[in-house]
Amino acid sequence: MEPSEDDIVSYDSRWLKQRTTWAHEGAPYPLRPELMEVDAASAPGAHVTQRAWRGIACPKCGRCSSRRDFKGWTCETAGCDFTHTLPHALIAPNELYDAFNPLSKGYATSRDRVDSNGIVVQSQFSHNYRINRYELPGICGFVTHFIANRTVQQEAGGPDEMWVEMQTADTGLRRGSKPKGDEEYLGRQFMVNYGMPYKFITAATFRSFDDACNTIKAARSRLNWAQRYVNPGACKDFNEVLAIGYFEEQSINVSNISTRSNNSPAKTVQYHDDGENGLGPTIATLSLGYPAWMSIRLKHNHYLGVTTGENPVDEPPMPGCIEYQERRKAYDEMQTIEDKKERRSKLEALSAKLGLKSKPVGRQHAPDALKLHLGHGDIVIMHGEDVQKFYEHAVSPVGKLRFALTARHITPEHLTPEERTAYVVKEDENVYDGSAIA
Ligand SMILES: [Zn+2]
């Protein structure tokens, strides 16, 4: 008989107690997630998927531990010796081949996008690289993108060999962390710093070049060659290399970080600059592995025209900023005024007139002026302090695994005695001259 709604007021308690057993799995159900495994049948890169940078529950003691080391997991319980490493499902250089954008031994095509009229682009072809040089408007500085072709990638000791070595060698790549109150914040990417310490990052490991694998030394040397190529004369050799390994869905997040309880992938890429004190004016990066997009835009204070607080920027307005023409005209007129107060009140009046804001409202960031497609073996050089002062950049990797090897010159005098390392940073001995690809 069909029950009527009135029957609901009285029910049989046996109905509430009824359980249906699920035929497919016997109780008790495992609450502890299984350890991730990779075997010979797994696809290339199976060990660097998004799941591979999540934590584990220790099968010995039950403790949840984060993935800290590139090489695997270590239980964080004092005294527990459990470790878990995955075999390398090596991503061979051929796996990086993109059928839609094939590379040959001819010069590579450029996929860079220039979205600002003010940027002056010059292209050169040399050493099998297409070399795009972007002069950013309004500042003294440039960004140069060396786009590699197959000859570069396959060069002896070059990007293909470096890519394999970075995947397999013990480089010391590890996620950095820093305390925040009672909690610990864990950086997303795996990092290791060689040579002079770059103290502004959360790298967990600092090593001497003497303990570096060939790739680290060769990257330093290749980047020194590249900086001399774009800026002959006035450059200082790099004395630091920061290696960053990005697994799937990890992108740079300098102001940091994901909490240990929130390991979800970054939905937005973080814009930042590399303009810390004590650095030389040139920063060079070698990309290995799957590609990434590097976006460069004006910082919002220069875009909107007001620094923090309500003080209008008393500097020439940057091409590409809002109300540029008006601001340029007003700024030029103002150059005759020497009295600081008068200058300031003029600037304030101008800000009010043009509706310049002190903080970005909603998505009021500058549009990207430049987007560089960083492929395997490509080099990017940012030269000039103004690049870091007026512009910011963000990098979003696309694909399973990418390494960025960034070289800087760090002024030794800028480090306090405590910040200095026990090892001595030697000169670049592995002198690369590009002759094999000339
Ligand atoms: Zn344990």
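For the chain, an unreviewed UniProt entry supplies the name Alpha-ketoglutarate-dependent dioxygenase AlkB-like domain-containing protein and the organism Cryomyces antarcticus.

**Things to note about the confidence of the model for the chain**
Per-residue pLDDT for the chain has a mean of 84; in total, 89% of the residues score no lower than 70. For the stretch residues 252-267, pLDDT sits under 50, and the model shows 44 contacts to residues farther than four places along the chain or on other chains.

**A short note on the coordination of the zinc ion**
Within the protein, the atoms that donate to the zinc ion are Cys58 (SG), Cys61 (SG), Cys75 (SG) and Cys80 (SG), at distances of 2.2 to 2.3 Å. With 4 donor atoms in place around the zinc ion and angles of 99 to 122 degrees between them, the coordination shape is tetrahedral. Binding-site remark: the zinc ion is held by donors from one chain whose sequence spacing is C-x2-C-x13-C-x4-C. Taken together, the residues span a long stretch of sequence, with Cys58 in the loop between β1 (56-57) and β2 (64-65) and Cys75 in the loop between β3 (73-74) and β4 (83-84) at a distance of 17 residues.

**Notes on the pairing of strand β19 (residues 401-408)**
Within β19, 8 of the 8 residues are buried, leaving the element largely enclosed by the surrounding structure. Judged by which residues are buried, β19 turns out to be covered on both faces: Leu401, Phe403, Leu405 and Ala407 on one side and Arg402, Ala404, Thr406 and Arg408 on the other are all buried. Here strand β12 (residues 240-247) runs beside β19; their pairing, made up of 8 bridges, is antiparallel. Directly across from Ile244, in β19, lies its bridge partner Ala404. Sheet topology places strand β14 (residues 282-289) next to β19; 6 bridges connect them, and they run antiparallel.

**Side note on the packing of aromatic side chains**
The relation between two aromatic rings is expressed through the spacing of the ring centres and the mutual angle of the planes. One pass over the full model with this rule turns up 13 aromatic pairs. An angle of 70 degrees between the planes, with centres 6.1 Å apart, marks the rings of Phe146 and Tyr229 as edge-to-face. Taken together, the residues Phe146 in strand β8 (residues 142-147) and Tyr229 in helix α4 (residues 214-230) connect sequence positions 83 residues apart. In this structure Phe146 comes out as buried when scored by relative accessible area, which is 0%. Every member of this aromatic cluster is reached through a ring pair, and the members are Phe70, Trp163, Phe190, Phe247 and Phe403. Seen from the ring of Phe142, Arg133 lies directly overhead, with NZ or CZ sitting 3.8 Å from the centre.

**Examining the layout of surface pockets**
Estimated volume of the largest pocket: approximately 420 Å³. The wall of the largest pocket is formed by 25 residues, among which Asp98, Asn101, Leu103, His373 and Gly375 lie closest to the centre. Split into classes, the residues belonging to the lining of the largest pocket amount to 10 nonpolar, 9 polar and 6 charged.

**Points about the environment of His365**
Its location among the elements puts His365 in the loop between α7 (340-354) and β16 (368-374). Sequence separation between His365 and Lys299 is 66 residues; the distance between their C-alpha atoms is 7.6 Å. Only 3.5 Å separates the side chain of His365 from the side chain of Arg297, close enough to count as a polar contact.

**Some thoughts on the pattern of salt bridges**
Following the criterion strictly, the structure yields 17 salt bridges and no others. A salt bridge links Asp69 to Arg174; the nearest nitrogen and oxygen atoms lie 3.0 Å apart. With Asp69 in the loop between β2 and β3 and Arg174 in strand β9 (residues 174-180), this residue pair connects regions lying 105 residues apart in the sequence. The exposure class of Arg174 is partly exposed, given its relative accessible area of 27%. One salt bridge in this structure joins Asp210 and Lys426, with 3.1 Å as the shortest N-O distance.

What counts, and at which threshold
- Residues numbered from 1 in each chain as written.
- Predicted model: local features only at pLDDT ≥ 70, side-chain atom pairs only at ≥ 80, totals over all residues.
- Heavy atoms only, no water.
- pLDDT = per-residue confidence, 0-100.
- Contact = heavy atoms within 4.5 Å.
- Donors = N, O, S within 2.8 Å, 3.2 Å for Na, K, Ca; no water.
- Tetrahedral: all angles 85-135°; square planar, octahedral: opposite > 155°, others 65-115°.
- Helix = DSSP H or I, 4+ residues; strand = E, 2+ residues; numbered from the N terminus.
- Buried < 20%, exposed > 50% of the residue type's maximum accessible area, 1.4 Å probe, protein only.
- Pairing = 2+ DSSP bridges.
- Phe/Tyr/Trp six-rings, centres within 6.5 Å; stacked < 30°, edge-to-face > 60°.
- Lys NZ or Arg CZ within 6 Å of the ring centre and 35° of its normal.
- 1 Å grid on protein atoms, 1.4 Å probe; cavity = no way out; pocket = protein on both sides within 12 Å on 5 of 7 lines; lining within 4 Å.
- Points joined across faces, edges and corners; volume = space filled by probe spheres on them.
- Nonpolar A, V, L, I, M, F, W, Y, C, P; charged D, E, K, R; others polar.
- Polar contact = N/O pair within 3.5 Å; in protein donor to acceptor, adjacent residues only side chain to side chain.
- Salt bridge = Lys/Arg side-chain N within 4 Å of Asp/Glu carboxyl O.

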